[in-house]
Amino acid sequence: MTILVDGDACPVKPEVFKVAERYNVPVIVIANSFINLPRNPLFERVIVSDGFDAADDWIAERADAVSIVVTADVPLAARAVKAGATAIAPSGRSFTEAGMGLALATRNLMTELRAAGEVTSGPRAFSARDRSTFLSALDEAVNRLRRKGA
């Protein structure tokens, strides 16, 4: 089992590290630039090129049934779920195969509205409740994969 973190703008890295240490699960943080990690042999940093979707491509190529992908990026979450991985947003929302169509359609609609000049409110502010929900979702995902023998 490995936790793959889309690291450039991830607000829950400390929570990922906390859960990973509790269960002795390796974490790979993938980013376009240097990100400081706690000193722990479980934690690895991968710096990819600045190319469009380079981090997403790196993660998607390695995601599998024993991976947990932490990302707010809906298209990356869709690729991870398609590969059999568990995908969790920093808000704690779990992406599922059944819900990916709606999530992608909503994301695409909002992108088109912004491109057309529509003023949208953007995402709501990240809250302590989101952080707590994420911790619970990640803990649950790790335990579910452990029960499956990962």
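Reading the values: rules and limits
Residues numbered from 1 in each chain as written. Predicted model: local features only at pLDDT ≥ 70, side-chain atom pairs only at ≥ 80, totals over all residues. Heavy atoms only, no water. Pairing = 2+ DSSP bridges. Helix = DSSP H or I, 4+ residues; strand = E, 2+ residues; numbered from the N terminus. Contact = heavy atoms within 4.5 Å. Axes fitted to C-alpha atoms, helices over the stretch in contact; angles between N-to-C directions. Phe/Tyr/Trp six-rings, centres within 6.5 Å; stacked < 30°, edge-to-face > 60°. Buried < 20%, exposed > 50% of the residue type's maximum accessible area, 1.4 Å probe, protein only. Lys NZ or Arg CZ within 6 Å of the ring centre and 35° of its normal.

Trainee: I'm lost on the sheet that holds strand E6 (residues 94-95) in this one. Help?
Mentor: Each strand in a sheet pairs with its neighbour through backbone hydrogen bonds, running either in the same direction (parallel) or in the opposite one (antiparallel). Taken together, the six strands give an open sheet; going across it, the order is E3-E2-E1-E4-E5-E6, and neighbouring strands pair in mixed fashion. Strand pairing shows two members of the sheet lacking a second neighbour, strand E3 (43-47) and E6, which therefore form its edges. Both strand E4 (residues 67-70) and strand E5 (residues 86-88) contribute to a ladder of three bridges, which runs parallel. Bridge pairing links valine 69 to alanine 87 in E5. The sheet strands contacting helix H1 (residues 13-23) are strand E1 (2-6), strand E2 (27-31), E3 and E4, and the helix crosses E2 at an angle near 160°.

Trainee: I would appreciate a short explanation of the packing of aromatic side chains in the present structure.
Mentor: Two descriptors summarise a pair of aromatic rings, namely the distance from one centre to the other and the angle between the planes of the rings. Following the criterion strictly, the structure yields one aromatic pair and no others. Aromatic side chains phenylalanine 17 and phenylalanine 43 sit 4.5 Å apart centroid to centroid with 40° between the ring planes, which places their arrangement in the tilted category. Highlighted residues: phenylalanine 17 in helix H1 and phenylalanine 43 in strand E3, separated in sequence by 26 residues. There is no split in this pair, since phenylalanine 17 and phenylalanine 43 are both buried. Across from the ring centre of tryptophan 58, 3.9 Å away, lies the NZ or CZ of arginine 62, which sits over that ring.

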